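# Structural overview
What follows is each chain in one-letter form.
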Amino acid sequence: MQFSNGNEQKKDQAADQNASSPQKKFNPVSPQGNVQSFSYSPLTQVGMFRPPNVQLLQNSPAQRLPSTPSSINQQVPLRSPLPSLPTYNGLPTRQQGLPIQGMLQPTLTPPVPIYNGLPSRSPGIPTQRLTQPLSSSVATPLVNPPSIKQAQPSFAGRPFPIPPRFPNNNLVQNAPSAPPSRQPGALSNQPSLSQRQFPVPQQPPSISKPPVMNGVIDMQPGVNGFQGPMQANMMRPIQPSGQQHPQNYASMQQTYQNSLNAQFNQMSVTQSGFNRIWGTEAIDLLTTRDVLPPEGVTLPAINLQKEHLNQLNCSSDIMRCTLRKIPETQSILEKARLPLGILIHPFKDLQQLPVVTTTNITRCKYCRTYINPFVYFIDQRRWKCNICFKANEFPEDFLYDPGTKQYLSDPSRRPEAQNSTIEYIAPCDYMTRAPPPATYVFVLETSRASICSGYLKVFSKILLEEFDRIPGDARAQFAFLTFSSSIDFVVLDEGATKPKLIPLSDIDEIFIPKAEGLLAKRSNCEDLIRKFLEVLPDLMNVEGMYENTGSCLGSALQAASKLAWPTGGRISVFLNSLPTIGPGALKERPRTSSGLLLPATDFYKNMALDNTGQQIATDLFFIGHEFQDIATVGCVAKFSSGSIYKFPNFCADKNELELRRFESTLRRYLTRKIGFEAVMRIRCTSGLSIHTFHGNMFVRSTDLIQLANVNPDAGFGLQFSITDSMAERNNVCFQAAVLYTSSKGERRIRVHTLSLPLTPQVSDVISSADQQCIVGLLAKIAVDRSMATSISDAREAFLNAAVDPLSAYKALQNVRSGQLLAPPTLSLLPVYILALLKTVAFCDQAPGLDERVFDWSEMKTLPLPELIQHIYPDLYAVHTLDEEIDPPRLQLSSEKVDTTGIYLMDAGSYIFILVGRTSPPQYCRAVFGVDDPRQVETMYELPTFDTTESDNLRKFIDLLQNEKSYPAAVQVFRDEAPEKTSFFNRLVEDKTKIGVSYFEFLQQLKTKVK
Ligand SMILES: [Zn+2]
C-alpha cells in the first residue's frame, strides 16, 4: 500500500477541507515539519483562543506549539474584533458578573448589531490568564443573545430573588412527620396566592403516623417524610403517577383544582383554546405534581417535508439538537429564548454501522459535504448539496453497487443515501503517513500515598486480565513508567528474562535512556509485560519507596510524551497526590472552591497543546482523598481530547464501592474502541454558524476540532447562531465527520447527518424543544460562565434560563395570574434546572475544589443520557418488579419513597438500592436471603437466589448496566445505614441544606415569569 509523502500537498487536508475557506492549510497527521499558516477566526471555543496569523502546530519535536497563550498574551491582542464592537449601554451597571443576556455575536460578519453587555469588562479580557476561555470571558449567555431592543435592563440584571419563605408551609403543618413548630409564624406571612397553590392536604384520620426516615437532611417535612401508611407485610403496587400517597398530593391537587375552577371559568382563553393554539396541552406546573413521564421522556417528533426521510434521520443517541424545528431567523430564536445547539456523541459504540469501502468518496466539490440521505437528487447524473445548495455530478461508478455488484437504477439507493450514520474506509489520499502502531504509555504514581491506596494491585490485576482485549494489532506497543520524587523507566527488552527499571534522577532535564525495550511490542514481549505486571505491586512496595512523599508528575508527563512522540498514542496517568517537585510543581491551595477554580499554571495546558500536535492524548485517573488540583493538572487532558476520572476516597482495602467502580471503569477504559489521529469537522447549512465548542478537544478552526484520541464515551456540544435568514429553505442539516486511524491501522471516516425542518413560528420553536438537550447544553455553558465570572453568576443564569422560555410562552397567550404554564416540551425544564443548582458543580455551598472542577468536567464531556442521569437520577420502586421489567420512573422526592418499599436509584456511575425497614419480609428473603429487612447488610452485588424476585431484580440491573458505557457500582443498604445519605442527597425535589424544594423553586419562577 502506498502512502503519500508528508511533504507533498496533502489530499487529506484537501479532502476534509472546506473549499470556501482555502486558507486553512494545517495538516494534523503530517510527521514532517510542514509548518503552515493558520487562519485566525474570532470564533472561539472553550478555554482556547487563537491569535491572528499565528503559526500553529509545528510538528517537529523540537518545536513547541507557539499558540500557547502565555507567550501570546503579551504580543497579540486577544480578540481584535472585541474592542470595536458596538456596545449596548442601557444596562444597569453591575458590580460583578455579566448580565445573562449580554453576549458577543459569534461570527465574523454578524448581520445584526452586536450586543456586548459588558462594556466595563471588555478591556479586562486581554489580561486574563490563558486558561480563561475566551468565549466565556465575553459572557456567553445561557440562552441566545437578545437583539438590542430586547435587552431590557430588567432582563439582564435581575437579582436572584429571595425565595418565599416556606411556601408550602401548609404542607408542613399537616404532614404526618412534621414537627409543627418547624417554621413558626411562616404561615401568617404567607401571601394568599401561595396558600391557594399549596392547599392544606387532608390527612385521613385513620392513618397512623409513619416512622421518620433518619437519612433525610434537613428536609421539608411533609414533602420528604414518609407519609404512606405502614403496610409492613404486604406488597403494595406502585402506581405511576402520583397516586401512591393519596393523602398527600392527590388530595392537595384536588383541593386546589376546585379552588381554581372558578378562576378558570372567568378566563378569556380556556384550556381548549390553548390546545387549539399549540396543538398541545399547556401544563400548569403549580398544580401538576407529576411532571416526569413514568415511561421516560419522549422527544418531539421531527417532521421533514419528505416523509420518508424521517426514518432515515440520525439517531438521537448520536446527535440531538436543542430545537427540533429550527427558527428561520435569529429574531425568532430570540423570541423563543431558548438556546440553539447540538450535542453529539460521535464515536458511540453502535450495534449496526454500515461500512463502505470505495476508492472515490462522494462529496460536494464546493463545501466538501459527504453525500447523505438529505441531498437533492436532480437526475441520474447530478445531485444538489444540502449544505451549500450547489449542484454536483456523481462519480462515474456511483450507480455501481459494490455490495451486490450490480448497477442501481436510482442513485438514492446507494448506502450513502440510505444511512445518516455511515463509515468509510478511506483511500490512501486521506493519509499523510503510514498509520502508526497503537501506542499506550502507562504512567503510574508510586509515592507513599499511592502505595497506601493499594491501587497498583488493582491496576495490575485488571490490566493482566484485559491485556488481550486492548485494541490494536500485533504492532501495538506498550510502555510503563513510574514516578514519585524520581522517575523509573521500565525496560521490557525482547531478549530479557525479567523486566528492568532504569531510574532517572534528573527530573528537570528529561531525556530518554538509550535502551531497547522502553516501548514493548505486544507481539514479542507479551510474556515480559505480564511478568512485569505480576511483580509491579511488590516492586513498588519496598522500604524507602514507602517513605517517598514527593511527586514529579510534570517530569513524568514529559518523559511519557517523549516516548510517544514519534507515533502519537495514549498516555494513561494514575495519580494520588499533588505534583510537588520539578516542572509543573504546584502548591496546596485552600480546598474550598471560592475564587480558586482557575489553573494555577499554564504548564499542563501547554503540554496538552504540544502533545496534540503529536497526536498524543493524556487521560487522568485521580485516585484517593488528597487534594490533586484537578483545575490545573486536568488541563493536560482537557486540551488533548483526554478523559478525566476521579475515585474519591479510593482505598482498595476499605472503600469497596470505589474499588468496584475503579475496576469496572478501568476494564471499560482498557478495552473500549479507540481512534487515533482524529479530526472532527462540523458542517451546517449556510445561515447557521458555530459559535462555541464544548468538550475535551483542541479547536483548530471555526468548524474543525482535533482529537488526538477519540473514544466512544466522549460527548461534545456545539452552540450555533443564525447569521442569515433561512426563510427560503425547507430544512437545515448538520453533518459531523470524524476522520481517524483505527487501532488496526485503517484510516476511516465516520459521518453523521441530522436534518431538521425550519419554522417561522415562535410557537413551533417552543413546542419542538428538546428539554433534555437544552439542559445538557446549559450545563456546559454554565461551566464556562462559572470559570469566567462566578458560580453565583452561573446560578443566576440558570434561573433565567428557566424563566425566559416560560416568559416567552406566557407572552404568546392569555394566562391568569396564579398559573405557571409550560408547554409539555418544557415541563421538566424547571426541575432539571433545580437539580443542576444542587449539583456539586453549581451548588452555592462550597464543596472541595477538586470535587467541583471534576463535576464541571463531567458536565462538559458526558454523553447526554449519562449527563441527565448524573443531574437527575432515575428512581424506581423495585419490590413490585414483574417479568416485564419496566417499572415507572418516580420523581426524586422523598414523598415517593417510604419505609415499606425497596427503591433503586440509577445515578449514572452508581446504582443505589435502598431497603425500607418495613419492606416485605418475603421479598427480602427472596432477594437478600434474610427474613427481616433490618438484617440486610450493606452489599455491593446482589446475591443470586433461585427466585422470581431475585431473577427480576438482577435482570433489571443488567438491563440498566447494558445501557451504560461504564458499568455502575452497585450498593445495597438499609434505610438506617449511614450510606443512605448518598441516596437521600440525590432527591433533588426535597428541600435540603443545599437548596429549596421544587415547590419553592416554582414559586420563585412564578414571580419572575413576566
Ligand atoms: Zn456543498
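Residues numbered from 1 in each chain as written. Predicted model: local features only at pLDDT ≥ 70, side-chain atom pairs only at ≥ 80, totals over all residues. Heavy atoms only, no water.

### Remarks on the coordination of the zinc ion
- Those protein atoms acting as donors to the zinc ion are C364 (SG), C367 (SG), C385 (SG) and C388 (SG), and they sit at 2.2 to 2.4 Å.
- Taken together, the 4 donor atoms coordinating the zinc ion span angles of 103 to 115° at the metal, a pattern that classifies the geometry as tetrahedral.
- Positions of the donor residues of the zinc ion, expressed as sequence spacing, correspond to C-x2-C-x17-C-x2-C. Of this pair, C367 sits in the loop between β5 (355–357) and β6 (376–377) while C385 is found in the loop between β7 (382–384) and β8 (391–393), placing the two residues 18 residues apart along the sequence. Accessibility classification places C367 together with C385 in one group, the buried group. (Donors = N, O, S within 2.8 Å, 3.2 Å for Na, K, Ca; no water. Tetrahedral: all angles 85-135°; square planar, octahedral: opposite > 155°, others 65-115°. Helix = DSSP H or I, 4+ residues; strand = E, 2+ residues; numbered from the N terminus. Buried < 20%, exposed > 50% of the residue type's maximum accessible area, 1.4 Å probe, protein only.)

### What to know about the confidence of the model for the protein chain
- Residues at a pLDDT of 70 or more form 71% of the protein chain, whose mean pLDDT is 75.
- Below pLDDT 50 for its whole length, residues 1–141 participates in 363 contacts with residues either more than four positions away or in separate chains.
- Under a pLDDT of 50 for its full length, residues 143–274 has, in the predicted model, 286 contacts with residues more than four places off or in other chains. (pLDDT = per-residue confidence, 0-100. Contact = heavy atoms within 4.5 Å.)

### A word on empty space enclosed by the protein
- Applying the stated criterion to the full structure yields 16 cavities of 30 Å³ or more.
- Approximately 230 Å³ is the volume attributed to the largest cavity.
- Lining the largest cavity are 20 residues, and of these K638, M787, V853, W856 and S857 lie nearest its centre.
- Elements with a contribution of two residues or more to the lining of the largest cavity: α17 (630–633), α18 (635–638), α21 (771–788) and α24 (849–861). (1 Å grid on protein atoms, 1.4 Å probe; cavity = no way out; pocket = protein on both sides within 12 Å on 5 of 7 lines; lining within 4 Å. Points joined across faces, edges and corners; volume = space filled by probe spheres on them.)

### Regarding the nonpolar core
- Core analysis: the biggest nonpolar cluster contains 195 residues, and I487, F720, F734, I749 and F983 have the highest contact counts within it.
- With sequence-adjacent residues up to four places away left out, F983 is seen in contact with L875, V897, Y903, M905, F912, L914 and F973.
- Grouped together as the second largest cluster of nonpolar side chains are 42 residues, A476, V490, I623 and Y669 included. (Core = buried A, V, L, I, M, F, W, Y, C linked by side-chain atoms within 4.5 Å.)

### Considerations on the pairing of strand β26 (residues 747–759)
- Along β26, 13 of the 13 residues are buried, which leaves the element largely enclosed by surrounding structure.
- When strand β3 (residues 326–327) meets β26, the two strands line up parallel, connected through 2 bridges. Pairing of P327 across the sheet is with T759, part of β26.
- Here strand β11 (residues 421–425) runs beside β26; their pairing, made up of 5 bridges, is antiparallel. Looking across to β26, one finds that I422 is bridged to V751.
- Relative to β26, strand β25 (residues 731–742) runs antiparallel, the two being bridged by 11 bridges. Following the sheet pairing, F734 is matched in β26 by L754. (Pairing = 2+ DSSP bridges.)

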